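Understanding the architecture of this molecule
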Amino acid sequence: MTARSIVVAGGSSGIGLAVARQALAEGWRTIVVDRQDPLEDLESLGARFVRCDLLDVGTARTALEGIAQDEAGLDALVVSAGGAMNGHFALRDAEVLVEEFSTDTHTVLRAVRYLLPALQEGAQAHGVSDVVVIGSIAGSTAFEEAVVYGAAAAARHALGEQLRVELRGDRVRARTIATGYVETPLTARRSIPAVTDHIALAPLTAQDVAAVVHHCLNTPQDVNVHDMVLVPTYQGWA
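Residues numbered from 1 in each chain as written. Predicted model: local features only at pLDDT ≥ 70, side-chain atom pairs only at ≥ 80, totals over all residues. Heavy atoms only, no water.

On to the environment of Leu-167, then. Summarising the element assignment, Leu-167 is placed in helix 4 (residues 147–167). Spatially, the C-alpha atom of Leu-167 lies 36 Å from that of Phe-89, the residues being 78 residues apart in sequence. Excluding residues that lie within four positions of it along the chain, Leu-167 makes contacts with Leu-116 and Val-172. (Helix = DSSP H or I, 4+ residues; strand = E, 2+ residues; numbered from the N terminus. Contact = heavy atoms within 4.5 Å.)

What follows is the structure in structure tokens.
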């Protein structure tokens with residue numbers, strides 16, 4: 001039986017790295033796309049690493065269309081690429097805010113659009129293919145100093161839902177997983193007291209999110225679990 005194939009955009013660290021690691025453990029043919037080197041040597045485990053800045057139009061198109069041609073069919077795309085932006089809105093430069101919003105939306109649009117032909121081929125060959133967009137509860141719950149992050153999270157959620165409806169006829173299952181606070185190298189460098197003060201003792205881990213992502217990928221072909229919210233057990237809000 002041919003191994004299923006997966007592209008993890010933003011797979012060099014954090015949630016994306018955990019998704020890629022689990023995919024390798026389950027026997028997926030795994031391709032990691034990121035502008036930074038992976039924190040672990042995934043290539044020695046069998047993964048393919050493609051260096052690509054999804055914010056650069058030319059680089060993204062060349063790299064992603066190259067993957068689509070090489071693979072001739074993809075079974076899954078997980079988009080974890082993005083950033084955690086925080087800071088008081090009135091104190092941030094307007095163009096920096098625009099750039100940060102673009103980071104969290106353009107990465108999804110480019111990854112899905114350029115890889116869509118391969119996902120459609122994968123669905124034709126194997127019955128179904130999947131798109132999973134990693135989002136945040138900030139898209140529906142307001143936090144202090146998270147104006148751009150929350151707006152971008154809402155956009156990622158909307159993209160996942162609109163793609164779910166539009167691509168269902170092609171047997172491409174799309175959904176967004178909105179997560180609560182996840183302890184990753186990126187969030188460890190940020191100060192988010194409104195969040196961490198509540199759940200510092202038991203945050204989500206990247207492995208937690210990866211387990212839910214792979215649960216979605218392994219559901220029966222005629223089932224799409226979508227519009228998901230993932231928070232720590234001890235979180236009693238949002």
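Sheet strands pair via backbone hydrogen bonds, and the direction of the pair is either parallel or antiparallel. Read from one edge to the other, the open sheet built from seven strands follows the order 3-2-1-4-5-6-9, with strand pairing classed as parallel. Every other strand in the sheet has two partners, leaving strand 3 (48–51) and strand 9 (228–230) as the edge strands with one partner each. With strand direction ignored, the average angle separating the axes of adjacent strands in the sheet is 20°. Of the strand pairs in this sheet, strand 6 (residues 172–179) and strand 9 are connected by three bridges, and their pairing is parallel. Its bridge partner being in strand 9, Ile-177 is matched across the sheet by Met-228. Across the sheet, helix 1 (residues 14–25) lies against strand 1 (5–9), strand 2 (29–34), strand 4 (76–79) and strand 5 (129–136), angled at about 165° from strand 1, the strand it touches most. (Pairing = 2+ DSSP bridges. Axes fitted to C-alpha atoms, helices over the stretch in contact; angles between N-to-C directions.)

Between its first and last C-alpha, helix 3 (residues 94–126) extends 46 Å over 33 residues, near the 48 Å set by a 1.5 Å rise per residue. Along helix 3, the largest kink reaches about 55° and is centred on Leu-116; proline Pro-117 follows within four residues of it. Residue Asp-93 occupies the N-cap position of helix 3, its side-chain oxygen lying 3.0 Å from the main-chain nitrogen of Glu-95. Positioned one or two residues after helix 3, Gly-127 has a phi angle of 100°, which is positive. (Expected span 1.5 Å × (residues − 1). Bend = angle between axes of the 7 residues up to and from the residue. Polar contact = N/O pair within 3.5 Å; in protein donor to acceptor, adjacent residues only side chain to side chain.)

Here the structure, examined in full by the defined rule, presents 11 salt bridges. Its salt-bridge partner being Asp-37, residue Arg-51 comes within 2.2 Å of it at the nearest N-O pair. Separated by 14 residues along the polypeptide, Arg-51 in strand 3 and Asp-37 in the loop between strand 2 and strand 3 bring together distant segments of the chain. Exposure remark for Arg-51: the relative accessible area of 48% places this residue in the partly exposed category. Through salt bridges with shared partners, a single network forms among Asp-130, Arg-173 and Arg-175. (Salt bridge = Lys/Arg side-chain N within 4 Å of Asp/Glu carboxyl O. Buried < 20%, exposed > 50% of the residue type's maximum accessible area, 1.4 Å probe, protein only.)

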